[in-house]
Amino acid sequence: MINITLALIMFGIALDLSIDRFKKVLALPRSLIIGLISQLIVLPLGTFLLIVLLEPIPSIALGMILVASCPGGNISNFISAQAKANVELSIVMTVISSLLAMIFTPINFAFYGNLYKPTQSILQTINLDWMDIVQTIGMIIIVPIIIGLLVRNYYPIIIPKIASKIRNSSMLLFLLIVLGAFVANWKFFIDWIGVIFFLVLLHNALALSVGYILGILGRLPEKNKRSLSIETGIQNSGLGLLLIFTFFDGLGGMAIVTAWWGIWHIIAGFTIAYFWNKTDAQ
């Protein structure tokens, strides 16, 4: 079910990516480049430093590293619209970071997972085949995006009829997956609820801040700074859960951190969007 849900999500995102939007963002690529640096490089590094500082138990730390290694989440585009951010930039960033996930997700996860000694022991015990992870990401993300772009290009007339249905159904399925992760690890969640709530709140705040701060340093327009903040703070936790249940046998700490992130980043995202919606993005 996770596979189908993720494929639907990525297919739905691709339906929103028109050639005109793509060209508009690439015409002024500085915001896109800074955004990808924020999401693919700075966030994983910041996550590692946060883990070294707080020293959570290994399975929770590994879950935090995995979340930070994932690309942007699909709901970021909707939140960007609510926050008066640059929606075109948000959509293009989501698609490109998802395409690059086949390279950056396994690299960041392997690098920081092995760099932190407590999580290194988990990775050595499981003995992952990294090419399997690359292939899984490719099938779940790359293929649906390509199909979505082809549908967008050759059958644009059907997009208004199916786009909203795909978004709604994929979001419902995602919530069911998150619920399943909680049910499967309920005892762990109850025992560690305070720690997990605090860590995810802090981790997500770090992610949202990183994107906005890099936008300030890059002297980007306010709308673009908001998009970078949202794209960095809204991660594809569904992909994280897929990898956890496929390669880590649903490891408790990883699954609960990733599932709770999937809920919390929606709460945090819509909260920040509410306040930004009240202010002038110019």
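Residues numbered from 1 in each chain as written. Predicted model: local features only at pLDDT ≥ 70, side-chain atom pairs only at ≥ 80, totals over all residues. Heavy atoms only, no water.

A.B. asks: Quick one: what's the story with the overall build of the protein, residue by residue and with numbers?
C.D. replies: Scanning the protein for helices and strands turns up 13 helices and 0 strands. N-terminal to C-terminal, the α/β element order of the protein is α-α-α-α-α-α-α-α-α-α-α-α-α. Long-range pairs, those at least 24 residues apart, make up 85% of the contacts in the protein between residues at least 6 apart in sequence. Split by element, the accessible area of the protein, about 12500 Å² in all, is 70% carbon and sulfur. (Helix = DSSP H or I, 4+ residues; strand = E, 2+ residues; numbered from the N terminus. Contact = heavy atoms within 4.5 Å. Areas by Shrake-Rupley, 256 points an atom, 1.4 Å probe, with all protein chains shown as cover.)

A.B. asks: Mind laying out the packing of aromatic side chains, listing which residues take part and the relevant values?
C.D. replies: Applying the stated rule across the entire model yields 7 aromatic pairs. Between Phe78 and Phe270, the ring centres sit 5.8 Å apart and the planes meet at 65°, which makes this aromatic pair edge-to-face. One end of the pair, Phe78, is in helix H5 (residues 75-82); the other, Phe270, is in helix H13 (residues 252-277), with 192 residues separating them in the sequence. Considering the side-chain rings of Phe197 and Trp260, the 6.0 Å spacing of their centres and the 45° angle between planes classify their relative orientation as tilted. Within this pair, whereas Phe197 is found in helix H10 (residues 186-217), its partner Trp260 is found in helix H13, the two being separated by 63 residues in sequence. We classify Phe197 as partly exposed; its relative accessible area is 38%. An aromatic cluster of at least three residues, connected via ring pairs, comprises Phe48, Phe111 and Tyr112. (Phe/Tyr/Trp six-rings, centres within 6.5 Å; stacked < 30°, edge-to-face > 60°. Buried < 20%, exposed > 50% of the residue type's maximum accessible area, 1.4 Å probe, protein only.)

A.B. asks: Could you give an account of helix H6 (residues 87-115), naming the residues involved and the relevant values?
C.D. replies: Across its 29 residues, H6 extends only 36 Å between first and last C-alpha, which sits more than 12% below the 42 Å expected from 1.5 Å per residue. Of all the bends in H6, the greatest measures close to 65° and is centred on Ala101. Among the residues of H6, the N-terminal cap falls to Asn86, whose side-chain oxygen and the backbone nitrogen of Glu88 are separated by 3.2 Å. (Expected span 1.5 Å × (residues − 1). Bend = angle between axes of the 7 residues up to and from the residue. Polar contact = N/O pair within 3.5 Å; in protein donor to acceptor, adjacent residues only side chain to side chain.)

A.B. asks: Outline the layout of surface pockets, listing residues and values.
C.D. replies: Of the volumes computed, that of the second largest pocket is approximately 250 Å³. As for the second largest pocket, its lining consists of Lys24, Val25, Leu28, Arg30, Ser31, Asn86, Glu88, Leu89, Leu220, Pro221 and Asn224. At the level of secondary structure, the elements contributing two or more residues to the lining of the second largest pocket comprise helix H2 (19-27), helix H3 (30-54) and H6. Partitioned by chemical class, the residues of the lining of the second largest pocket number 5 nonpolar, 3 polar and 3 charged. (1 Å grid on protein atoms, 1.4 Å probe; cavity = no way out; pocket = protein on both sides within 12 Å on 5 of 7 lines; lining within 4 Å. Points joined across faces, edges and corners; volume = space filled by probe spheres on them. Nonpolar A, V, L, I, M, F, W, Y, C, P; charged D, E, K, R; others polar.)

A.B. asks: For the packing of H5 against helix H11 (residues 222-233), give the residues involved together with the corresponding values.
C.D. replies: In the contact formed by H5 and H11, the axes pass within 9 Å of each other and the chain directions differ by 150°. Here H5 lies roughly antiparallel to H11, going by the angle between them. Judged by the sense of rotation from one axis to the other, the crossing of H5 with H11 is right-handed. Facing H5, whose interface residues are Ser76, Asn77, Ile79 and Ser80, H11 presents Ser227, Ile230 and Glu231. Residues of the contact of H5 with H11, tallied by class, amount to 2 nonpolar, 4 polar and 1 charged. (Axes fitted to C-alpha atoms, helices over the stretch in contact; angles between N-to-C directions. Parallel < 35°, antiparallel > 145°, perpendicular 65-115°, else oblique. Left-handed = near helix turned anticlockwise from the far one by under 90°.)

A.B. asks: Please give an account of the pattern of salt bridges that cites residues and values.
C.D. replies: Where side chains of opposite charge bring their charged atoms close, a pairing between them can arise. Under the definition given, this model contains 2 salt bridges. Arg226 is the salt-bridge partner of Glu222, the closest N and O atoms lying 2.9 Å from each other. Of this pair, Glu222 and Arg226 both sit in helix H11, 4 residues apart, which is roughly one turn of that helix. Through salt bridges with shared partners, a single network forms among Glu222, Lys225 and Arg226. (Salt bridge = Lys/Arg side-chain N within 4 Å of Asp/Glu carboxyl O.)

A.B. asks: An account of the packing of H3 against helix H4 (residues 58-69) is needed here, citing residue identities and associated values.
C.D. replies: Running from N to C, H3 and H4 cross one another at 165°; their axes reach a closest spacing of 9 Å. Judged on the interaxial angle alone, H4 and H3 are roughly antiparallel. Relative to H4, H3 is oriented so that their crossing is right-handed. On the side of H3, the interface is formed by Gln39, Leu43, Pro44, Thr47, Leu50 and Ile51, while H4 contributes Ala61, Met64, Ile65 and Ala68. A breakdown of the residues in the contact of H3 with H4 according to their chemical character gives 8 nonpolar, 2 polar and no charged.

A.B. asks: Could you give an account of a nonpolar patch on the surface, with specific residues and numbers?
C.D. replies: Together, Ile146, Leu150, Tyr154, Tyr155, Ile157 and Ile158 line one region of the surface with nonpolar side chains, adding up to about 660 Å² of accessible area. Its place among the elements puts Ile157 in the loop between helix H8 (130-154) and helix H9 (159-184). According to the relative accessible area criterion, Ile157 is exposed, its value standing at 66%. (Patch = residues over 30% accessible without salt bridge, like charges linked within 9 Å, V, L, I, M, F, W, Y side chains within 5 Å.)

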